[in-house]
Each structure stands twice: as structure tokens, then as C-alpha cells.
Amino acid sequence: MLDSSVIICSHNPRRRYLERVLDSVRAQTYPKDKWELILVDNASSEPIAKGCDLSWHPRGRHVFESELGLASARHCGIRESAGRLLIFVDDDNVLASDYVAQAMLIADERQFLGAWGSGSIDAEFEVEPASHLHSLLPWLAVRHVDRPVWSNVKSCTDATPFGAGLCVRRQVAEAYVDYCRTTSIPITGRKGASLGAHEDFEICYLACEAGLGMGVFPELKILHLITKERVTDEHFVRLVEGVTLSQYILANKWTGAIPKSPFALRGAAAFVLNMFTRRGFDRRIYFAELRALIGARRLLAEQNASTTARSKPKQISESVN
């Protein structure tokens with residue numbers, strides 16, 4: 001078995017960004033004969049393999065996944081890979097040259113961890129975001145920790161790594177694929193224009209469920225390339241709605257938490273208060289969160305109704321001679 005598999009999942013990438021990502025992968029100091037490179041084309045409108053040469057890597061190859069969604073692309077990468085450690089890279093993640101080496105060091109020294117990731121994610125913006133967006137930049141997976149943080153408690157968000165540069169032991173990754181085959185409500189992550197999230201958190205939760213831990217490490221360094229389209233008001237409104245809805249679904253799947261109705265007595269009072277106190281962009285964010293809450297309640301209600309219908313015994317009709 002190879003030491004690791006670097007898996008890049010991509011859908012309609014910006015070619016210049018993907019080239020920088022691949023350059024950073026090519027510059028890894030870890031010996032190339034000990035790891036493989038898999039570039040998953042997730043239903044791109046133009047085949048990524050066209051004009052994207054991976055021959056510089058002795059075990060580099062393209063694979064295609066027709067089912068749209070980041071989770072589906074990750075599943076494909078897991079099935080195609082052979083490394084004992086899987087390193088997931090997005091098509092806008094420029095890795096530090098020692099990323100694979102540091103990931104393997106953590107794998108060998110901290111056997112109690114099942115999933116871990118970058119605690120040092122810097123942003124390179126194509127266009128500098130407006131000042132009123134600065135508080136929302138962590139929603140773009142920008143992160144900095146001063147020291148390693150790990151935990152085996154699923155609710156410890158400080159120790160939960162993002163999908164950018166996520167490192168997963170093979171047994172955890174395979175358990176994730178098996179789990180997704182049977183789960184009633186799949187968490188797909190980003191899917192085309194949809195800005196869902198938290199398929200990465202679900203992987204980490206499964207690591208904890210297996211008796212292992214999760215963590216973030218400042219020595220794992222990433223430069224996150226962020227296009228001008230991702231720092232607009234409209235994008236952040238959509239991002240907040242998509243990620244918040246995913247949070248509700250994730251919490252329900254793993255803790256049984258049911259999102260409270262915004263139209264109950266206390267929720268209605270908060271709605272009225274926010275209607276009168278919020279203005280401009282802040283008001284738009286509030287309504288994005290509200291739509292996410294309503295959407296999550298609807299999805300969970302539909303799933304519950306479907307489960308109930310399937311569980312009902314079939315009626316036996318009496319025949320009359």
C-alpha cells in the first residue's frame with residue numbers, strides 16, 4: 001500500500017488556479033514514489049484531462065465522476081485510491097511544499113487521530129472584499145490556529161478540520177463511503193451552483209464514532225485562491241443559506257436536534273425584532289439564515305413522512321366471493 005493519495009476534486013475549474021494547485025502538488029518534498037495523485041473530474045462541462053498533463057507524476061491519473069456533488073467526487077477518489085492516508089485538495093488550494101510530508105508525520109506520530117487538516121489557511125483574493133464582508137471571511141475556510149488542536153468530541157468545532165487539505169485514514173474514508181450508501185439524508189457538499197457544505201464534518205464525525213479523533217495543525221499550510229465572484233454580497237447570502245441549512249441537517253443526523261419553528265411564540269418575537277432592527281446587507285443575511293431554517297425543517301419533515309410511509313404495514317384487502 002502507498003503511504004498516501006492526494007485527491008483533487010474539481011468541477012469546471014478556473015484553469016489558471018488549477019495549474020497553480022498542480023504546481024504546488026508537483027513541488028511536494030515527499031518522495032513521489034510513495035504517494036499517488038488522482039484528479040477527479042466531477043462532471044465538468046469541458047473535460048479537465050484535456051490540456052491537463054499529469055505525466056510528471058509516476059502515479060498521476062485522471063478519473064471522471066458523472067454524479068455531480070463534492071461528496072460524490074470524494075467517494076470516487078476514495079474508491080480509486082490506494083494510499084493508507086488520503087489527502088483531499090480542492091482545485092483552489094495551493095499547498096505548502098511540505099504538506100504531504102507533514103501530513104504523513106502526523107499520521108505516524110498521532111495514531112489516535114482519524115482525520116485532520118490545515119490550521120493555517122491564508123486567502124489570496126482576486127479582488128479585495130468590502131469591509132462589511134470581513135466578519136464573514138471564515139465562511140470561505142480561512143483559518144489560523146497557533147498550536148495543534150484535537151478532540152474526539154464531535155461538538156468541538158475548534159478541532160474540526162475543513163475540507164480544504166483534509167487528511168483521512170483509509171479505514172475512516174471507507175467507513176464514510178459505506179455510511180453514505182445507507183444514510184437517509186445525504187449531505188452532498190457543493191453541488192453545481194448549490195453551496196451546500198459539511199460533508200467534510202461528517203467524515204470527521206465518523207472518525208470520532210470509530211473511537212479516533214480529529215484535529216487541526218498550523219504546520220499544514222494552504223493558500224486559498226478566491227475569485228472575485230466569491231466576495232460579492234450575493235455570493236455570501238447564498239453561502240450563508242447553503243451552509244446554515246447543511247448545519248441543521250448535520251445536527252439532526254448526529255444529535256437528533258430538530259430546528260425550532262421561527263413562527264413559534266419566541267421565534268415570532270425574534271422575527272419581528274430582526275425585521276425592525278436589521279438593515280441592508282445584515283438584513284439579507286438574516287433572511288438567508290431564516291430561509292435555511294425553514295428549508296431544513298421542510299426537508300426533515302418530508303424525510304420523516306417518507307420514512308413513516310415506508311414503515312407502515314401493507315393493508316390486506318378482503319376478497320368477497
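Structure: see above.
First, a word on scope: everything that follows refers to the structure included in this document. (Residues numbered from 1 in each chain as written. Predicted model: local features only at pLDDT ≥ 70, side-chain atom pairs only at ≥ 80, totals over all residues. Heavy atoms only, no water.)

### Structural notes on unusual backbone geometry
Alright, step 1. In this structure, alanine 141 takes a positive phi of about 65 degrees despite not being glycine.
Alright, step 2. The topology assignment puts alanine 141 in the loop between β6 (113-125) and β7 (143-144).
Alright, step 3. By relative accessible area, which is 16% here, alanine 141 ends up buried.
Alright, step 4. Phi at histidine 198 is positive, roughly 75 degrees, even though this residue is not glycine. (Helix = DSSP H or I, 4+ residues; strand = E, 2+ residues; numbered from the N terminus. Buried < 20%, exposed > 50% of the residue type's maximum accessible area, 1.4 Å probe, protein only.)

### Observations concerning the packing of helix α5 (residues 199-209) against helix α6 (residues 233-255)
Alright, step 1. Two elements in contact, α5 and α6, have axes separated by 11 Å at closest approach and are oriented at 15 degrees. The angle between α5 and α6 falls in the class roughly parallel. Classified by chirality, the crossing of α6 by α5 is right-handed. Residues Phe201, Glu202, Tyr205, Leu206 and Glu209 of α5 form the contact with α6, whose own contacting residues are Leu250, Lys253 and Trp254.
Alright, step 2. Among the residues making up the contact of α5 with α6, the classes are represented as 5 nonpolar, no polar and 3 charged. (Axes fitted to C-alpha atoms, helices over the stretch in contact; angles between N-to-C directions. Parallel < 35°, antiparallel > 145°, perpendicular 65-115°, else oblique. Left-handed = near helix turned anticlockwise from the far one by under 90°. Contact = heavy atoms within 4.5 Å. Nonpolar A, V, L, I, M, F, W, Y, C, P; charged D, E, K, R; others polar.)

### Details of the side chain of serine 5
Alright, step 1. Mapped onto the elements, serine 5 comes out in strand β1 (residues 2-10).
Alright, step 2. Polar contacts involving the side chain of serine 5 include one to the side chain of glutamate 36, which spans 2.5 Å.
Alright, step 3. Ignoring sequence-local partners within four residues, the contact set of serine 5 consists of Glu36, Ser81, Ala82, Gly83, Leu85, Leu86 and Ile87. (Polar contact = N/O pair within 3.5 Å; in protein donor to acceptor, adjacent residues only side chain to side chain.)

### Regarding the pairing of β1
In regular strands, side chains alternate between the two faces of the sheet.
Alright, step 1. Within β1, 9 of the 9 residues are buried, leaving the element largely enclosed by the surrounding structure.
Alright, step 2. As paired strands, β1 and strand β4 (residues 83-90) are joined by 7 bridges and run parallel to one another. Note on β4: the bridge partner recorded for serine 4 is leucine 85.
Alright, step 3. Pairing analysis gives 7 bridges linking β1 to strand β2 (residues 35-42), with the strands arranged parallel. Residue pairing in the sheet places isoleucine 8 in a bridge with leucine 39 of β2.
Alright, step 4. You can see the chain leave β1, run along helix α1 (residues 15-26) and come back into β2, and the turn it takes is right-handed. (Pairing = 2+ DSSP bridges. Right-handed = clockwise from strand over helix to strand, strands pointing away.)

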